[in-house]
Amino acid sequence: MGIIIVPNQTWSKDVLAMYGLFLCILMCLVLWTKNKDIFYSILLSFVCLIAAFLRTQEVKNRFQKPPSDVWAIRFQITSTPQIKPKTYAFEGEISAFMDAKGRWKRIRTKSIFYLEKTGAIPQIGDFYLAKTKLQFIRPAAFPYGQDWPKYYAKKGIFSTAYLAASWTKLEKRPELFSFKHYFDRWQHRFLQHLHQVVRGERNKSVAGAMLLGSHEKIDFETKKSYAALGAIHILSVSGMHVGILFLCIQFILKFIPKRKLIAKIALFILPLILIWFYAGVTGFSAPVLRASWMFSVVLFAQTFRYPMNSINMLSFTAFVILVWDPMQLYDAGFQLSFLAVLGILVYQPILSSIGMPSIKNPMINYILKQVVSLTMVAISAQLLTFPCILYYFHQFPHVGIMLLANPILVLLSSISLVLGMIFLLIASVFSAISITKSYYFIGALFDDSLTLLHEIMIWIDTVFQPTIPFLHWDVWMFFPYFLLLMVGKYWWKTRNTFLLWGLCVLVIGSVFYFQLEKWKTVHDQKIAYLGQYRGEPVWLEVEGIKAKIVGSNSMSHDPAWIQSNISPLLAHHYIQDTVQLNWEDGKNVSWYWKRKSFYLAHQFHVFFPTEIDVLIIDSKSKKQGLDWLRTKRQVDWLWTQSLSAYYLKKVAEMSPLSKQQVALDTISAQVY
């Protein structure tokens, strides 16, 4: 609560004083409480709330949004550069900037930099001086998509910048990130071992991502297959990976006697070092940090024989992470990982108690029980994450196919992870002492397990088409859904008839309200959006439950962009059928919509239709001159991309001026 009540804008001192007075009044009411247990628990809750509020304010205000008149900057590289096709991409912290008047000013803000590949790769910790213009984070191309400016602002990032040749290294300070360099070297060493034994680009990229969290490019089709079957978490190092590492360590160390205290301490410290070393090699990603904290607590409790409560342990892990970075609360990965574990802890025992198969043949009975157990775990995890997946990604795997395929995928992915972990543990040792046969044998097994996993996964994805797209989920729907789960769990425990009727009323009422909202939205809806994709216009029409998308040929070959930018809009309008068309390359096009005339100008033209309401101008056509625009009457001018200061000045001299002049890449799509 203390994190959530922090507003988006900075509060004034008067508002903070009023809020403090409100808390003091509540504290006075608490003082009247005679029960000491209630008094101390409420007092501690208020202390945590105030501490969370102050900590969130501190983290939120640590970085500032830069002004628009930035001409030069001094910055430090704060993340390991990622190798892109034409650039190096990395995060940097800006400590000073020069404004348009040549004055240097101090600031603390972060930016994403793209450095041209003309020299050596930059090093984390180095300071640079660059002459560049900062570009603010642009919004999503269409409404209802991810709010990218807000998303990056929570990380302290407000801008991006492209660095060509106008930059200079000021000083080299690798010691500031010596621990990061140390773990990067180990990650690079492990990647070299993987690349020696793994064949094929797909297996190499997946092996590096799933075992080491490396930033290797995975093709869209592979990502799509993992996501379609609800297994996208395998491609990133998460709690599952740390859990398998923890189990492997526990299996090895359980043969060592623990009679003496020094042995107990040693067997506690060694796994702890290995777990956190692995967290460092994988880049201290948020899922790994969550899992590392949790397993550290488990290890401490097991070693020194303290009682464990799984939900308390999960809560403690969340508490520690939010104290370190309160903005993690808004991260989709944080929410999904904790909800998945909570769902398994709360609902897996209930589902397992419903019934397990019992067959006379012991081998078949064992296999069926394992399959059912894995399926129950998958269902338990999805119960709490289901609404978040719909809210963030607007799609969900087909339930029947997911339940049938999930045990197979969990088994195959677990085998791959175990073989990969074993290979990483023995790779450096076996390579150093030249035990090549075992080295390549385990590596070949790991490679074959990945190939088998991918073959089965892609076959299922191709044959069954398991993803259900354009699924709609509003914020209000979280409340009845989670209330339904809570009441359902309590009913299972008490079997109260009144609660059962309450469940039925809640389900029927929620479904009726959802259908009513859907009918209101779909009934006679007719709306269009005009956006852009990499300098090319995108026209999207919505009528009823059908949609038509018209874009460039390159857009139709970029399903990842369509998924992240257009799918949320289609889900919001309850679309069930889409038609996708392409513009004719380089040709001017005109059309009508709601009595408005639209004209897309790709190239120089002297004669236009007599009546134009909206003129969409390909920004590349500015090289042909702007004289052809002088004779046009006042209409809306929409440029596909932002113009430079030189061309903005030229356009300002046009007469008559346009009624509206907007660059489509600086705003979300226009609505008609």
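See the structure shown above.
Residues numbered from 1 in each chain as written. Predicted model: local features only at pLDDT ≥ 70, side-chain atom pairs only at ≥ 80, totals over all residues. Heavy atoms only, no water.

### Thoughts on the overall build of the protein chain
Next up, step 1: Across its full length, the protein chain carries 20 helices and 20 strands.
Next up, step 2: Here the protein chain holds 672 residues, and 42% of them are scored as buried.
Next up, step 3: A separation threshold of at least 6 residues defines the contact pool for the protein chain, and within that pool the share at least 24 residues apart is 66%.
Next up, step 4: When the accessible surface of the protein chain is summed, it comes to about 37100 Å², and 64% of that surface belongs to carbon and sulfur atoms. (Helix = DSSP H or I, 4+ residues; strand = E, 2+ residues; numbered from the N terminus. Buried < 20%, exposed > 50% of the residue type's maximum accessible area, 1.4 Å probe, protein only. Contact = heavy atoms within 4.5 Å. Areas by Shrake-Rupley, 256 points an atom, 1.4 Å probe, with all protein chains shown as cover.)

### Overview of the pattern of salt bridges
Next up, step 1: Summed over the entire model, instances satisfying the criterion amount to nine salt bridges.
Next up, step 2: Residues Lys105 and Asp99 are paired through a salt bridge, measuring 3.6 Å at the closest nitrogen-oxygen approach.
Next up, step 3: Close ionic contact of Lys587 with Glu584 constitutes a salt bridge, the shortest N to O distance being 3.3 Å.
Next up, step 4: By relative accessible area, Lys587 is classed as partly exposed at 44%.
Next up, step 5: The network of salt bridges with common partners includes Asp99, Arg103 and Lys105. (Salt bridge = Lys/Arg side-chain N within 4 Å of Asp/Glu carboxyl O.)

### Some words on the environment of Gly535
Next up, step 1: Mapping Gly535 onto the fold places it in the loop between β11 (526-533) and β12 (536-543).
Next up, step 2: A sequence separation of 83 residues divides Gly535 from Asp618, and the C-alpha atoms of the two residues are 7.4 Å apart.
Next up, step 3: When sequence neighbours within four positions are dropped, the list of residues in contact with Gly535 reads Asp618, Thr640 and Gln641.

### Looking at the sheet that holds strand β14 (residues 577-582)
Next up, step 1: The strand order across the open sheet built from five strands is β14-β13-β12-β11-β20, with neighbouring strands paired in mixed fashion. Each having just a single partner strand, β14 and β20 (670-671) make up the two edges of the open sheet.
Next up, step 2: Sheet topology note: the β12/strand β13 (residues 546-551) ladder contains five bridges and is antiparallel. Its bridge partner being in β13, Glu541 is matched across the sheet by Lys548. (Pairing = 2+ DSSP bridges.)

### Observations concerning the side chain of His193
Next up, step 1: With respect to the helices, strands and loops of the structure, His193 is situated in helix α4 (residues 178-197).
Next up, step 2: Within the structure, the side chain of His193 is placed 2.8 Å from the side chain of Tyr439, a separation counted as a polar contact. (Polar contact = N/O pair within 3.5 Å; in protein donor to acceptor, adjacent residues only side chain to side chain.)

### Observations regarding the packing of helix α12 (residues 362-393) against helix α15 (residues 478-494)
Next up, step 1: Running from N to C, α12 and α15 point in directions that differ by 170°, and their axes come no closer than 10 Å. Comparing the axis directions of α12 and α15 gives the class roughly antiparallel. Facing α12, whose interface residues are Leu383, Leu384, Phe386, Pro387, Cys388 and Tyr391, α15 presents Phe478, Tyr481, Phe482 and Leu485.
Next up, step 2: Split by residue class, the contact of α12 with α15 holds 10 nonpolar, no polar and no charged. (Axes fitted to C-alpha atoms, helices over the stretch in contact; angles between N-to-C directions. Parallel < 35°, antiparallel > 145°, perpendicular 65-115°, else oblique. Nonpolar A, V, L, I, M, F, W, Y, C, P; charged D, E, K, R; others polar.)

### A look at the packing of helix α7 (residues 239-253) against helix α8 (residues 261-281)
Next up, step 1: Relative to each other, α7 and α8 sit at 150°, their axes nearing to 11 Å. The pairing of α7 with α8 is recorded here as roughly antiparallel in orientation. Crossing of α7 against α8: the hand is right-handed. Listed contacts from α8 to His241, Val242, Leu245, Phe246, Ile249 and Leu253 of α7 are Leu267, Leu270, Pro271, Leu274, Ile275 and Tyr278.
Next up, step 2: In terms of residue class, the contact of α7 with α8 is made up of 11 nonpolar, one polar and no charged. (Left-handed = near helix turned anticlockwise from the far one by under 90°.)

### Let's talk about the packing of aromatic side chains
Next up, step 1: Taken as a whole and judged by the stated rule, the model has 37 aromatic pairs.
Next up, step 2: These aromatic residues form a ring-pair network of at least three members: Phe386, Tyr391, Tyr392, Phe393, Trp473, Phe478, Tyr481 and Phe482.
Next up, step 3: Across from the ring centre of Trp491, 5.6 Å away, lies the NZ or CZ of Arg495, which sits over that ring.
Next up, step 4: Sitting over the ring of Trp492, Arg495 keeps its end group 4.1 Å from the ring centre. (Phe/Tyr/Trp six-rings, centres within 6.5 Å; stacked < 30°, edge-to-face > 60°. Lys NZ or Arg CZ within 6 Å of the ring centre and 35° of its normal.)

### Overview of the layout of surface pockets
Next up, step 1: Counted as a void, the second largest pocket has a volume near 330 Å³.
Next up, step 2: If you go around the second largest pocket, you meet 14 residues; those closest to its centre are Trp473, Met477, Ser510, Val511 and Phe514.
Next up, step 3: Contributions of two or more residues to the lining of the second largest pocket are made by α12, α15 and α16 (497-522).
Next up, step 4: In terms of residue count, α16 provides more of the lining of the second largest pocket than any other element does, five residues in total.
Next up, step 5: When its residues are assigned to classes, the lining of the second largest pocket shows 12 nonpolar, two polar and no charged. (1 Å grid on protein atoms, 1.4 Å probe; cavity = no way out; pocket = protein on both sides within 12 Å on 5 of 7 lines; lining within 4 Å. Points joined across faces, edges and corners; volume = space filled by probe spheres on them.)

### Thoughts on α15
Next up, step 1: In a regular helix each residue adds 1.5 Å, so 17 residues correspond to 24 Å; α15 covers 24 Å between its end C-alpha atoms and thus fits that length.
Next up, step 2: Those residues of α15 not exposed but buried are Phe478, Pro480, Tyr481, Leu485, Val487 and Gly488.
Next up, step 3: Looking at the buried positions of α15, the neighbouring elements they touch are α11 (332-354), α12 and α16.
Next up, step 4: With its phi angle positive at about 55°, Arg495 sits one or two positions after the end of α15. (Expected span 1.5 Å × (residues − 1).)

### Remarks on the nonpolar core
In globular proteins that are soluble, nonpolar side chains generally tend to be buried together.
Next up, step 1: Core analysis: the largest hydrophobic core is formed by 61 residues, its most contacted members being Leu194, Leu211, Leu212, Phe423 and Phe446.
Next up, step 2: Per element, the largest residue contribution to this core is 10 residues, and it comes from helix α13 (residues 399-432).
Next up, step 3: If sequence neighbours within four positions are ignored, Phe423 has contacts with His193, Leu194, Val197, Tyr439, Ile442 and Gly443.
Next up, step 4: Ala141, Phe142, Leu540 and Ile562 belong to the second largest nonpolar core, which has 18 residues in total. (Core = buried A, V, L, I, M, F, W, Y, C linked by side-chain atoms within 4.5 Å.)

### Comments concerning the side chain of Thr317
Next up, step 1: Note on placement: Thr317 falls in helix α10 (residues 310-324).
Next up, step 2: In this structure the side chain of Thr317 is engaged in a polar contact, spanning 2.9 Å, whose partner is the backbone oxygen of Met313.
Next up, step 3: What Thr317 contacts, discounting residues up to four positions off in sequence, is Arg290, Trp293, Met294 and Phe338.

### Structural notes on the environment of Thr118
Next up, step 1: Turning to its location among the elements, Thr118 is positioned in the loop between β4 (104-116) and β5 (127-131).
Next up, step 2: Sequence separation between Thr118 and Tyr88 is 30 residues; the distance between their C-alpha atoms is 9.9 Å.

### A few points about α8
Next up, step 1: Look at α8: 30 Å from first C-alpha to last across 21 residues, which is about the 30 Å you get at 1.5 Å a residue.
Next up, step 2: Immediately downstream of α8, the backbone of Gly283 shows phi near 90°, a positive value.

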